[in-house]
Amino acid sequence: MSSKIKSISLDELLQRVGAQPSSNVWLAIIVSSLDVDDVVDELREMLNIFIECDIGVISASGGVISCFEQISHAPQDYLLLRDFESWLKEDWQKFDSFRSRLDQEKSGGILILSLEATKSLLNHAPNFASWLGSRIFRLLLNTEFLSLEERQTRLLALRIWSGKSDAEIIALAEAHNLPSDPEYGEWLILLEREDLIER
């Protein structure tokens, strides 16, 4: 299984989600059970910036029916599903047969899975796994902390991409005229000016 699954940093994940169409695209990430709370908090905060919509968090610990009821009643456009560790083979099979219910005219979401839950999904929810296809990733944590050199390289790339300077970007943000492209949010983060990112 691991040979087929690509590793991805949080930054790459955010860029990928920000670039995908807002039409019910789901993906799955594999994280250690110990890191789930931190990952959920980080994703909720950063996705709000990158895709500019409310982020809902749903626990699957109550079983499949409860999970889908929460999804159908969630007011948020993008959902993070967690707590699949207690699911048995039958739960995943039921989830597989109900997968069309994920299409709730939302932007989509992310399943946050342990390695064991991922194995269960692949083994017992083959149709859903096939639908996800290559959108299952192993999340690499703590790779977002760029060195000063890496930060400067990325800032240079952003300046070349936009033809603007750091000062111009800050001025645009302060005037509330900064485009909503995710790259501009990343730029402000690299400049340590997250306070200028419009929520």
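Heads up: the structure comes first, above all this text.
Starting from 1, residues in each chain are numbered consecutively following that chain's sequence as written. Thresholds applied to this predicted model are a pLDDT of at least 70 for local features of residues and 80 or more for the giving and counting of side-chain atom pairs; totals over whole chains, interfaces and linings are not thresholded and use all residues. Excluded from the side-chain calculation are hydrogens and water; included are all heavy atoms of the structure.

**Notes on the nonpolar core**
Test applied: Nonpolar cores were defined as sets of buried Ala, Val, Leu, Ile, Met, Phe, Trp, Tyr and Cys residues, with membership established by side-chain atoms within 4.5 Å. Note on exposure labels: buried denotes an accessible area under 20% of the residue type's maximum, exposed denotes more than 50%, and partly exposed covers the range between, all computed with a 1.4 Å probe on protein chains only. Helix numbers and strand numbers start at the N terminus; a helix is a DSSP run of H or I with at least 4 residues, a strand a run of E with at least 2. Contacts are assigned to residue pairs with any non-hydrogen atoms lying within 4.5 Å of each other.
One finds Leu-81, Phe-84, Trp-92, Phe-95 and Leu-111 to be the most contacted residues of the largest nonpolar core, which totals 28 residues. Considering every element that reaches this core, the biggest residue donor is helix H3 (residues 64–73), with 4 residues. Once residues lying within four places of it in the same chain are set aside, the contact partners of Phe-84 are Ala-60, Trp-92, Leu-111, Ile-112, Leu-113 and Ala-117. Leu-27, Val-40, Leu-47 and Cys-53 belong to the second-largest nonpolar core, a separate cluster that totals 24 residues.

**Structural notes on helix H4 (residues 89–97)**
Just so we agree on the cut-off: What the arc describes is the spread of directions from the helix axis to the C-beta atoms.
Buried within H4 are the following residues: Asp-91, Trp-92, Phe-95 and Asp-96. Buried positions in H4, seen along its axis, are confined to an arc of 140° and lie on one side of it. Elements that come into contact with the buried residues of H4 comprise H3, strand S5 (108–113), helix H5 (115–124) and helix H6 (126–132).

**Section: the packing of aromatic side chains**
Note the threshold: Only centres within 6.5 Å qualify two rings of Phe, Tyr or Trp (six-membered ring in Trp) as a pair; their planes then separate them into stacked at under 30 degrees, edge-to-face at over 60, and tilted for everything else.
Tallied over the entire structure, the rule returns 12 aromatic pairs. Through a chain of ring-to-ring contacts, three or more aromatic side chains come together here, namely Phe-68, Phe-84, Trp-87, Trp-92, Phe-95, Phe-98, Phe-128 and Trp-131.

**Topic: the sheet that holds strand S4 (residues 78–82)**
For the record, the criterion: Two strands make a pair as long as DSSP finds a minimum of two bridges between them. Angles shown run from 0 to 180 degrees and are taken between the N-to-C directions of axes, each axis being a line fitted to C-alpha atoms and, for helices, limited to the stretch in contact.
What the 6 strands build is an open sheet, ordered S1-S6-S2-S5-S4-S3; its pairing is parallel. Lying at the two open borders of the sheet, with one neighbouring strand each, are strand S1 (6–9) and strand S3 (55–59). Taken over all neighbouring pairs, the strand axes of this sheet differ in orientation by 30° on average, direction set aside. Two elements, S4 and S5, share 4 bridges in a ladder whose sense is parallel. Across the sheet, Leu-80 pairs through a bridge with Ile-110, a residue of S5. On top of the sheet, H5 reaches strand S2 (25–30), S5 and strand S6 (136–140); it is set at about 115° to S5, its chief contact.

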